[in-house]
Amino acid sequence: IVMTQSPLSLPVTPGEAASISCRSSQSLLHSNGYNYLDWYVQKPGQSPQLLISLVSNRASGVPDRFTGSGSGTDFTLTISRVEAEDVGLYYCMQGLQTPITFGQGTRLEIK
Amino acid sequence: QVQPVQSGAEAKRPGSSVKVSCKVSEDTFNNYALTWVRQAPGQGLEWMGRIIPTLGLAVSAEELKGRVTITADKSTTTVYMELSSLGSGDTAIYYCARSSDAYYNWLDPWGQGTLVIVSS
């Protein structure tokens, strides 16, 4: 399954909203009703960390400024009010079938 | 949650093998899967495979053409990833991450990463 993110670069003014799109080449909807789409962020110099699992479930400690949505093949990560600490590379990942695949990554930077 | 602890950086010659370790808690070892992901310099994330330690059941990426072996040691609650026939394209940071054992998603938390450099 090919994962395609856009944009690849996202300059944002602090306090403004930002959105990242992720599209899959096949539906990520499992027969159990869940879409197996996660979001990860890799902050500078750090390991990746889970942001959101199963489209919209925020990981522990993730602020509610981060929202995931979508279904099937089209997904979106929205940050309602970007802060300086949000700088990093954002990846979507499909966990429906092997090989697990990631999007190319979207680099969020502060203007 | 306790972060997996990985072994230190390695420098290897082309054609050799590398074995990276990932030590986890007993709870993680007994109740989750461990997934391996690598990141070449300036590149994105590449899934390599995963193992359910209690079952010893491993699956790996076909793209690695049988060069990767993922194993688990219950006595030390450590998971290993061995990559053979190394080439320059295998230079990367290798990460292990706790993951769902029922499906393939939910990688959390990730280890600190192990840098492997392949050079003659």
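What counts as what
Residues numbered from 1 in each chain as written. Chains lettered and ligands numbered in written order. Predicted model: local features only at pLDDT ≥ 70, side-chain atom pairs only at ≥ 80, totals over all residues. Heavy atoms only, no water. Phe/Tyr/Trp six-rings, centres within 6.5 Å; stacked < 30°, edge-to-face > 60°. Helix = DSSP H or I, 4+ residues; strand = E, 2+ residues; numbered from the N terminus. Buried < 20%, exposed > 50% of the residue type's maximum accessible area, 1.4 Å probe, protein only. Lys NZ or Arg CZ within 6 Å of the ring centre and 35° of its normal. Disulfide = S-S within 2.5 Å.

Asks: Even after reading the chapter, I still don't get the packing of aromatic side chains, so can you show me in this structure?
Replies: What describes a pair of aromatic rings is the distance from one ring centre to the other and the angle between the planes of the rings. Evaluation of the coordinates by the stated rule reveals 5 aromatic pairs over all chains. On the basis of an interplanar angle of 70° and a centroid distance of 5.7 Å, the ring pair of A:Y40 and B:W110 is categorised as edge-to-face. Residue A:Y40 is located in strand 4 (residues 37-42), and its partner B:W110 is located in the loop between strand 9 (92-99) and strand 10 (114-118); the two belong to separate chains. You can call B:W110 buried: its relative accessible area is 3%. Among the aromatic residues, those joined into a ring-pair cluster are A:Y40, A:F102, B:Y95 and B:W110. A cation over an aromatic ring shows up here: B:R98 above the ring of B:Y32, its NZ or CZ 4.5 Å from the ring centre.

Asks: Explanation requested: the state of the cysteines in the structure shown.
Replies: By definition, a disulfide is the covalent link that joins the sulfur atoms of two cysteine residues. All names here are of chain A. What the rule picks out here adds up to 2 disulfides over all chains. With its sulfur 2.1 Å from that of its partner, C22 forms a disulfide with C92. With the S-S dihedral at roughly 75°, the linkage between C22 and C92 falls on the right-handed side. Here C22, found in strand 3 (residues 18-24), pairs with C92, found in strand 9 (residues 88-94); they are 70 residues apart in sequence, far enough to count as distant. Residue class for C22 comes out buried when judged on its relative accessible area of 0%. The exposure class assigned to C92 is buried, which follows from its relative accessible area of 0%.

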